[in-house]
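Structure assessment
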Amino acid sequence: MQQPQPAERPSSFTAAGFRRGARAGLALTIGLMPFGLVVGMAADARGLSLLEALLMCGLVFAGTAQLVALQLWTDPAPILAATLAAFVINLRLAPMGAALAPVLDRVQGIRLWGSLAVLVDNSFALAIAEMRAGRRDAAFLAGASLTMWANWMVMCGVGHVFGAAVRLPPGHPVFFASVAALASILVPLWRGRADLLPWGLAGVLALAAHGLGLGPPWPVLIGALGGAAAGAAMDGRRARA
Amino acid sequence: MMLRWDVLAAILGMALATFLCRAGGYAILRVTRPPPFVQAMLQHLPGAIFVAFLAPALAQEGWPACVAGAAALITQARIGRMALSILVGVAVLWLLRAALGTP
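The structure presented is a predicted model; accordingly, all values stated were derived computationally and were not measured.

Here's the deal with the state of the cysteines
On inspection of all chains with the given rule, the structure shows 1 disulfide over all chains. One disulfide in the model links Cys57 of chain A with Cys156 of chain A; its S-S distance is 2.5 Å. Across the S-S bond linking Cys57 of chain A and Cys156 of chain A, the dihedral sits near -85°, which makes this disulfide left-handed. Taken as a pair, Cys57 of chain A in helix α2 (residues 50-60) and Cys156 of chain A in helix α9 (residues 138-166) lie far apart in primary sequence, 99 residues in all. Each member of the pair, Cys57 of chain A as well as Cys156 of chain A, is classed as buried. No disulfide involves Cys21 of chain B; its sulfur sits 18 Å from the nearest other cysteine sulfur, which is in Cys57 of chain A. On the basis of relative accessibility, which here comes to 2%, the residue Cys21 of chain B falls in the buried class.

Some points on the domain arrangement of chain B
Assigned domains within chain B: domain 1 (1-32) and domain 2 (36-103). The straight-line distance from the C-alpha centre of domain 1 of chain B to that of domain 2 of chain B is 30 Å.

Side note on the interface of chain A and chain B
With 95 residues of chain A at the contact, the number on the chain B side is 65 residues. Interface area for chain A against chain B, summed over the two sides, is near 6,700 Å², with a carbon-plus-sulfur share of 80%. Its largest share of buried area at the contact with chain B, chain A owes to Glu52, Pro173 and Phe176 of chain A, together 10% of the area lost on that side. At the boundary of chain A and chain B, one finds 1 salt bridge. Here Asp75 of chain A and Arg4 of chain B are joined by a salt bridge, their closest N and O atoms 2.7 Å apart. Taken together, the connections running from chain A to chain B amount to 17 residue pairs in polar contact (both at pLDDT 80 or more). In terms of residue count, the dominant contributor to the side of chain A that touches chain B is helix α12 (residues 218-240) of chain A (13 residues). Residues that form the side of chain A that touches chain B fall into these classes: 71 nonpolar, 15 polar and 9 charged.

Quick look at unusual backbone geometry
All names here are of chain A. With an omega dihedral of 0°, the bond running from Asp75 to Pro76 counts as a cis peptide bond. Positionally, Pro76 belongs in the loop between α3 (63-71) and α4 (79-90). The phi dihedral of Phe61 is positive, around 50°, even though this residue is not glycine. In this fold, Phe61 is placed in the loop between α2 and α3. Residue Phe61 is classed as buried on the basis of its relative accessible area, which comes to 4%.

Structural notes on empty space enclosed by the protein
Residues and elements named next belong to chain A. Here the structure, examined in full by the defined rule, presents 1 cavity of 30 Å³ or more. Counted as a void, the largest cavity has a volume near 40 Å³. Lining the largest cavity, in full, are Leu100, Val103, Ala127, Glu130, Arg135, Asp137, Ala138, Phe140 and Leu141. Residue contributions to the lining of the largest cavity peak at 3 residues, all from α9. In terms of residue class, the lining of the largest cavity is built from 6 nonpolar, no polar and 3 charged.

Topic: the side chain of Asp6 of chain B
Mapped onto the elements of the fold, Asp6 of chain B is located in helix α1 (residues 5-31). A residue is classified by how much of its surface remains accessible, and Asp6 of chain B, at 4% relative accessible area, is buried. A polar contact of 2.8 Å, which involves the side chain of Asp6 of chain B, links it to the backbone nitrogen of Ala77 of chain A. Among the polar contacts made by the side chain of Asp6 of chain B, one reaches the side chain of Arg4 of chain B at a distance of 2.7 Å. In this structure, Asp6 of chain B is in contact with Asp75, Pro76, Ala77 and Ile79 of chain A, ignoring residues within four places of it in sequence.

As for the layout of surface pockets
Each pocket or cavity is described by its volume, and for the largest pocket that value is around 1,400 Å³. Along its surface, the largest pocket is lined by 46 residues, and Phe35, Thr64, Leu67 and Ser178 of chain A together with Ala57 of chain B are the ones closest to its centre. The set of elements that each furnish at least two residues to the lining of the largest pocket consists of α1 (15-45), α3, α8 (121-132), α10 (177-189) and α12 of chain A together with α2 (36-61) and α4 (82-100) of chain B. With 6 residues, the single largest contributor to the lining of the largest pocket is α2 of chain B. Along the lines of polarity and charge, the residues of the lining of the largest pocket split into 32 nonpolar, 10 polar and 4 charged. Contributing elements (two or more residues each) for the lining of the second largest pocket: α1 and α8 of chain A together with α4 of chain B. With 4 residues, α1 of chain A is the largest single contributor of residues to the lining of the second largest pocket.

The rules behind these values
Residues numbered from 1 in each chain as written. Chains lettered and ligands numbered in written order. Predicted model: local features only at pLDDT ≥ 70, side-chain atom pairs only at ≥ 80, totals over all residues. Heavy atoms only, no water. Disulfide = S-S within 2.5 Å. Helix = DSSP H or I, 4+ residues; strand = E, 2+ residues; numbered from the N terminus. Buried < 20%, exposed > 50% of the residue type's maximum accessible area, 1.4 Å probe, protein only. Domains from an automatic or database assignment. Contact = heavy atoms within 4.5 Å. Buried area = accessible area lost by both parts, 1.4 Å probe. Salt bridge = Lys/Arg side-chain N within 4 Å of Asp/Glu carboxyl O. Polar contact = N/O pair within 3.5 Å; in protein donor to acceptor, adjacent residues only side chain to side chain. Nonpolar A, V, L, I, M, F, W, Y, C, P; charged D, E, K, R; others polar. 1 Å grid on protein atoms, 1.4 Å probe; cavity = no way out; pocket = protein on both sides within 12 Å on 5 of 7 lines; lining within 4 Å. Points joined across faces, edges and corners; volume = space filled by probe spheres on them.

Rendered as structure tokens:
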């Protein structure tokens, strides 16, 4: 009887994939720079030391959650409230990991859980576009995420140290960079006409939730789940027809 | 450099909660085979998430931000360089605000 050969499929975690991801991530870091600056400044304003600010940025690595937690910061630190805020706001990351399963299923151990540990919205978008292009190298996600992580650490540190000196007003156009990044991310995610209904509904639902005065993460969660459900219903009807 | 225990505890709590979110969705998917509807939803989720992020952010900032967002999107569709698209978006908003005389 012949022994089954070890699977000879192309490696699922390559240095080349990591470099590709890092390059793609680097282009997006410019959108995250002002955001990191703001978080560093907020941490300084709340009395966190540089070490504490960097620990938070490095271990949490989630801008909106950090900003919200810092807004409700107290002395002594609000352990439970900050933890809960991080959990609720970052719930949106849970379906992202699931959506990347075709890529992540091919790796294990530190490559799998480590890649998930640094997953962020922007690296997720890049990895989905890469996956849809037929490339299944999990190192792409790790490369993109770690590039953004390094940028995040630097900008939080700069914001903490120089924030008081720079003093940009909150509505400054520079802070539009993170929104402009979201707008340009939509381009590689667009697959065609069939995306129109789920995307449109996602926008309408998010606007409605926002208009009702719901804060983060609810507009995003309601819009994303509602739009995706509409898309899934549409697929189901097409399959039956 | 100072590291207070209560601050460290809050940071570790946030880090743990965030890791559970990041890894949890995939971990659940790995042990249970989700129904076809949920799998179809996951295919549609990426675009929907970013539209749902973007719409309230633009609405809050008013029409100049919508124009700037559109400029970033068109630049990305035409040229395909994200760093450039982001810069164009910021520049358009900056110019519009300057032209309108709003800070």
